[in-house]
Amino acid sequence: MVQLAYNDVLNMLRGAAKQVKASHQTLSKLDSVGGDGDHGTTMVRCMEAIETAMAQAQDRKVITLLNNAGWAIMGIDGGATGPLFGSFFVGMSEAAEGRDSLDTSSLANLFEKGLAAVRRRTKAQPGDKTMIDALAPAVDAVRKSAEAGAAPLDALAAGAKAAETGAIATRAMQARFGRAKNIGQKSIGAEDPGAASVACIFKGFYEGANPHA
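As the structure is a prediction and not an experimental result, all values here were calculated from the model. (Residues numbered from 1 in each chain as written. Predicted model: local features only at pLDDT ≥ 70, side-chain atom pairs only at ≥ 80, totals over all residues. Heavy atoms only, no water.)

Residues and numbers for the overall build of the chain, please.
When you go through the chain residue by residue, the secondary structure sums to nine helices and zero strands. Mapped in sequence order, the helices and strands of the chain form the string α-α-α-α-α-α-α-α-α. Against the globule reference of 17 Å for 213 residues, the chain gives a C-alpha radius of gyration of 16 Å, in line with a compact fold. Projected onto its principal axes, the C-alpha positions of the chain cover 45 × 35 × 30 Å. Computed over 23 positive and 22 negative side-chain charges, the inter-centroid distance for the chain is 4 Å. (Helix = DSSP H or I, 4+ residues; strand = E, 2+ residues; numbered from the N terminus. Rg over C-alpha atoms; globule rule 2.2 N^0.38 Å. Lys, Arg positive; Asp, Glu negative; His and termini not counted. Charge placed at Lys NZ, Arg CZ, Asp CG, Glu CD.)

Report on the side chain of Ser93, specifying residues and quantitative values.
In this structure, Ser93 sits in helix α5 (residues 81-94). Once residues within four sequence positions are removed from consideration, Ser93 is found in contact with Ile63, Leu66 and Asn67. (Contact = heavy atoms within 4.5 Å.)

Which residues make up the packing of aromatic side chains, and what values do they have?
Taken as a whole and judged by the stated rule, the model has seven aromatic pairs. A ring pair is formed by Phe88 and Phe202, whose centres lie 6.3 Å apart and whose planes are at 45 degrees; its orientation type is tilted. Of this pair, Phe88 sits in helix α5 while Phe202 sits in helix α9 (residues 193-209), placing them 114 residues apart in sequence. For Phe88, a relative accessible area of 2% translates into the label buried. Here the aromatic rings of Phe202 and Phe205 are separated by 5.4 Å at their centres, their planes lie at 65 degrees, and the arrangement is edge-to-face. (Phe/Tyr/Trp six-rings, centres within 6.5 Å; stacked < 30°, edge-to-face > 60°. Buried < 20%, exposed > 50% of the residue type's maximum accessible area, 1.4 Å probe, protein only.)

Rendered as structure tokens:
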């Protein structure tokens with residue numbers, strides 16, 4: 001697969017929703033360490049918002065699909081989760097203008113725009129035990145795959161692996177943002193729920209786009 005068509009992007013979003021829903025109890029358990037334990041529930045609502053946006057998509061344009069999905073997520077109550085993850089999808093839509101399909105370089109552009117939009121919402125940096133610790137390496141892996149001439153599916157696989165590795169790495173970190181920062185060193189030992197959610201989303205992107213998954 002050299003290009004991802006509109007239906008492939010739809011399947012990526014469906015895959016992300018499937019992964020998050022399957023992991024929602026784990027995500028809430030992780031959130032209970034330093035938060036109020038509802039992150040998984042909030043992420044499920046975010047994914048349901050994406051599914052609604054997909055069902056309402058009429059013009060079959062990638063930019064419209066991602067933009068509608070992002071704004072739908074931003075309307076979800078639940079602290080910073082909606083604005084942060086919604087910004088990611090809205091940011092991606094900015095790079096999809098005029099594109100009916102996506103090669104690997106275009107895919108990397110989408111993710112980079114998404115990451116930039118998230119960074120405008122938070123001052124968190126890698127090492128602060130947030131979603132950035134999974135998102136930044138995932139986006140970087142997709143860009144490096146594009147530069148190496150990899151196909152989109154291979155780039156998505158690399159992104160999913162990097163996101164998972166980044167999420168796991170947060171276990172050794174002390175939280176510096178969100179409610180978890182209030183428990184200090186007690187936050188060490190568990191994955192950050194936001195990073196874990198990013199890992200679910202990128203795994204879903206890959207599995208959704210992969211017809212053999």
